[in-house]
Each structure stands twice: as structure tokens, then as C-alpha cells.
Amino acid sequence: MSIAQEKLDQIRAQVQSHLESRPSPALTAARREALESTIRGHLHANNAVIVAHYYTAPEIQALAEATGGCVSDSLEMARFGRDHPAETLIVAGVRFMGETAKILTPDKRVLMPTLEATCSLDEGCPIDEFSAFCDAHPEREVVVYANTSAAVKARADWVVTSSIALDVAEHLAAQDKAIIWAPDRHLGDYVQRESGADILLWDGACIVHEEFKARGILDLKHVHPDAAVLVHPESPASVIELADHVAPQRRLFVQPRRCHNRPLSWRPIRASFTSCSRRRLTSSLLLRRPQARVRPVVAALIALGWR
């Protein structure tokens, strides 16, 4: 077993332990309404705004937008917080998202519901090990993905999102510069294949994207042969090869509008389905578990491709 796989297994165990120790009792409608009213009052009293990630629960996404906040990817969350007049940002996401918001807005107070919410890409790229890795290859430009700690970002020459990763790699390749890429080996492999850049990959991965299997996509394609497959470039190469469209999160939410009522096999994480469905798309989204159907989407079946 590789060191990277051992880390992923450890992180999976940590996540499972956390979920088991944090039961989420169902809220009555009255209790939910009371909580939302209290939150609205605190936001107003403290000149605060909620910036939430696509992966948060539907209730959090709805509350963020209803109170003047935003729902987006980590970079747009930070940009929104920078440009919003609120003095306090409530970041509903994982730890590196709060750090990114603070980097872009050092003069504002940034609060998070918990610092225990974290990302396996971040956890799988500790600064001491990564620094040693970079020091062993001083001739290479260091490019890191946004899903990293502030310390890892500070060690890098370039910090990219999935939207600009390919552009940056092509820019460096045109200058004959070799690259260290971290932390996601799948996104790095995709960028390497598309750009032809000389890339040395840090051996990290997202525990969620690791679960997406080509077999699951093929099974759904057999049932829905006309469905378009939308895939994030963090997915394994075997999944990307089956995609009709490969794009970062925000562009994946735009792509269904261009499919002209064609069914879509939607591969990102479950909560992203909520964000996509709330955009009133005309195409059908395919979600693996029928009970997760969300209106006004016609059909719901996400290609998660579980083993």
C-alpha cells in the first residue's frame, strides 16, 4: 500500500468517526424557523454575511442566499467576502476556505462554525512533508491547488483553481519550466495530459472523488444511453475518459443549460446537485438514489459510481 493510500484510509476513518460522533437530529419546522430567525438577527446585529460552498446542506445554501450572502466555489466565496461591505464573514465550508477568505480580506473578521471541517486534499499535503518534497526538486516551479492550507500556499510559486490550472500549466510549459503539482494527482494528471507540461505529481487525492468509478458511469449509460456525462477534472482518468464535458464546478453548473433538454449524468458531490437543481435547469439530472429527487428537475439520478 502506498503512503498516499494509507493517508486516504486514515482520513476516511477520521471522517467516519466524526460523522458517527456528531448525530444530526431532525429539526421540526418550528425549530428550523426559530433558528433561521435567530441567525438572521445575529447577522444583522454583527454586520455579517454567510458565504457558503456548493457542498453545504441545502438549508445552509438557501439561508446564505436569502440573507444576502452567496453560494459558490472556494475562490468565489473569498472574492464575494472581499467585495461585500459586511465586516464579518461566516464561512460555511472547510478550514482552507476560511483561510482563503482571510488571505483575501485580512482586515475582516472571518468566522467558521467549526475548524474540524476539513478537506482530504489539505490533510494529505502537510507542510513539513511538502516542503521537503519541494526542496528535493528546487529546479521546478511549485503549483498548488486552492484546496491546500495557507502554509502550503505560502510555499508555492503559483496557486490555482481548476478554472485556471490548465492555463497556468500551458504558460509554464511554453517557458520550458518544469512543475511540481500538488495536492491532487487526478487533477494534475489531467492537466499534464492536456498541456504536455513536465509535471511531477504529489501523490494526494480527494477521498470523495476517489470513490467515483467508471463502472458506475457505464452502468448508467447503459440505462440512459442518451445522457450527457459532466465531470470535474479532479475525477480519476477512467471517469474523465467517459465524459462529454470536463469542467470546474462553476462551469459545470452552466453546462446543463447548453444540453437542450438532454438527460445529464451528474458526477460531482451530492450537495452540488442542490445548487445545480436550484438554477431551474431544463435538462434532466440523473441521480443514483431516486429518493434524493429535487424539484424542479425532471428526473434525478447522480452517477456516483460507488463500488
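Computed from a predicted model, the values in this text were never measured in an experiment.

**Considering the overall build of the protein**
Here's step 1: Helices and strands together make up the secondary structure of the protein, namely 14 helices and 12 strands.
Here's step 2: Put simply, of all contacts in the protein between residues at least 6 apart along the chain, 53% involve residues at least 24 apart.
Here's step 3: Of the roughly 15000 Å² of accessible surface on the protein, 53% is carried by carbon and sulfur atoms.

**Points about the environment of proline 85**
Here's step 1: Mapped onto the fold, proline 85 is located in the loop between helix H4 (74-83) and strand E3 (88-92).
Here's step 2: A C-alpha to C-alpha distance of 9.9 Å links proline 85 and lysine 108, two positions 23 residues apart in sequence.
Here's step 3: Those residues in contact with proline 85, other than ones at most four positions away along the chain, are Asn47 and Lys108.

**Observations regarding helix H5 (residues 95-104)**
Here's step 1: Buried within H5 are the following residues: Phe96, Met97, Gly98, Thr100 and Ala101.
Here's step 2: The inward-facing, buried residues of H5 abut strand E1 (48-53), H4, E3, strand E4 (109-111), helix H6 (120-123) and helix H8 (150-155).

**Description of the pairing of strand E5 (residues 141-145)**
Here's step 1: Within E5, 4 of the 5 residues are buried, leaving the element largely enclosed by the surrounding structure.
Here's step 2: In the sheet, E5 pairs with strand E7 (residues 179-182) via 4 bridges, with the strands oriented parallel. Opposite glutamate 141, over in E7, you have isoleucine 179 as the bridge partner.
Here's step 3: Two strands pair when backbone bridges link them, and E5 and strand E6 (residues 158-160) are joined in this way by 3 bridges, in the parallel orientation. Along E6, the bridge assignment pairs valine 143 with tryptophan 158.
Here's step 4: In this view, the connection linking E5 to its parallel neighbour E6 by way of H8 has right-handed handedness.

Thresholds, definitions, all that
Residues numbered from 1 in each chain as written. Predicted model: local features only at pLDDT ≥ 70, side-chain atom pairs only at ≥ 80, totals over all residues. Heavy atoms only, no water. Helix = DSSP H or I, 4+ residues; strand = E, 2+ residues; numbered from the N terminus. Contact = heavy atoms within 4.5 Å. Areas by Shrake-Rupley, 256 points an atom, 1.4 Å probe, with all protein chains shown as cover. Buried < 20%, exposed > 50% of the residue type's maximum accessible area, 1.4 Å probe, protein only. Pairing = 2+ DSSP bridges. Right-handed = clockwise from strand over helix to strand, strands pointing away.

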